[in-house]
Amino acid sequence: MSFDAFLDDAWRDHGDRPQAVADRLAASTALPQTADDLAQFARLAAHVFGEHLGQWQRGIDLLDSLRNLPVAAGSAVLDASLTRAITTLRCASGDAAAVERLSPEDRAAVLAGAAQALIGRGDPARGIAALDAALALGERGLPAGSPAIRALAAAGNNIAATLEQKANRTLAETQAMVTAAHAGLRYWKQAGTWLEEERAHHRLARTLLAAGRANDAVAAAQACLHVCTCNDAPAFERFFGHAALAVARRAAGDRAGFEAARADALAALERVPDDDKVWCERERAELDA
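This text gives an overview of the structure that appears in the document.

Reading the values: the criteria
- Residues numbered from 1 in each chain as written.
- Predicted model: local features only at pLDDT ≥ 70, side-chain atom pairs only at ≥ 80, totals over all residues.
- Heavy atoms only, no water.
- Phe/Tyr/Trp six-rings, centres within 6.5 Å; stacked < 30°, edge-to-face > 60°.
- Buried < 20%, exposed > 50% of the residue type's maximum accessible area, 1.4 Å probe, protein only.
- Axes fitted to C-alpha atoms, helices over the stretch in contact; angles between N-to-C directions.
- Helix = DSSP H or I, 4+ residues; strand = E, 2+ residues; numbered from the N terminus.
- Parallel < 35°, antiparallel > 145°, perpendicular 65-115°, else oblique.
- Left-handed = near helix turned anticlockwise from the far one by under 90°.
- Contact = heavy atoms within 4.5 Å.
- Nonpolar A, V, L, I, M, F, W, Y, C, P; charged D, E, K, R; others polar.

As for the packing of aromatic side chains
- Applying the stated rule across the entire model yields three aromatic pairs.
- A ring pair is formed by Phe239 and Phe240, whose centres lie 5.3 Å apart and whose planes are at 75 degrees; its orientation type is edge-to-face. Take Phe239 and Phe240: they sit in the same class, and that class is buried.
- Cluster of aromatic residues (ring-pair linked, three or more members): Phe236, Phe239 and Phe240.

Structural notes on the packing of helix α1 (residues 3–13) against helix α3 (residues 35–52)
- Where α1 meets α3, the closest approach of the two axes is 11 Å, and the angle between their N-to-C directions is 15 degrees. The pairing of α1 with α3 is recorded here as roughly parallel in orientation. Between α1 and α3 lies a crossing of left-handed hand. Contact residues: α1 offers Phe3, Phe6, Leu7, Ala10 and Trp11, while α3 offers Asp37, Gln40, Phe41, Leu44 and His47.
- Split by residue class, the contact of α1 with α3 holds seven nonpolar, two polar and one charged.

With respect to the environment of Leu185
- Within the secondary structure, Leu185 is located in helix α9 (residues 171–191).
- In this structure Leu185 comes out as buried when scored by relative accessible area, which is 9%.
- Each C-alpha atom, one on Leu185 and one on His201, is 6.3 Å from the other, the two residues being 16 residues apart in sequence.
- Here Leu185 is in contact with Asn157, Glu197, Ala200, His201 and Leu204, once residues within four sequence places are set aside.

Brief notes about unusual backbone geometry
- Of note in the backbone geometry, Asn168 takes a positive phi value of approximately 55 degrees without being a glycine.
- A relative accessible area of 74% means that Asn168 is categorised as exposed.
- You will see that Asp232, though not glycine, has its phi angle at about 50 degrees, which is positive.

From the geometry alone we can't say anything about function, so treat these as descriptive.
Below you can see the structure in the form of structure tokens.
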């Protein structure tokens, strides 16, 4: 099996079968053949052993073992990436001193990753504290291309999505959810392409809707669609933008606006390739709720 096929299978399975994927990763450390392969492998391992399983030490040991692979030899960038991943698991496990020797930008990246893992593991109090600390470090300024920018972007979007699904959110959790979504948009504008920016606008629209801020959600959905228009986005992306706008307008009491956006969403859905329509089912059902 090629590395790319292995990685695709692991990402596909990890949500439903995290322990099986963790065991598969532990048995496949010789598979990465390039520095990029190893970086992707380490990112998945940290995510699975951390956020999904809470097997902090096992994840740390696996990541540390990757330093001994021939492909890792002499790569300062890769060594720094492994250090951040290992420290993220240590920090999330409760080792508060783990970040003390890191640079401010590496500390921001680690705290962002730890925040995502902790909130995903159902520890919102510690996760929100880590998120606040990461964002405070980001406010001091990060150099262009810093890994912390992408870490803050990804954590922002993922934390917002996780908290959206949480039943009986507290006010503090709802506030953190909105803060995270705004951070995701801010940092994806720096770290990503128009696609990541567009999806971050969509995430923000859904987050604001979950927070009961329907009018703000309308504005965020419109921004998502504006990015789609400016970049000739495919129907798949446009469908989600129109669907978000429709449900936000319905929540805002704008029935005519809802019907117009719903019609646009359904028209876009007709142009979505059949193989991709499975990813649209939840939003499609919402339009008829």
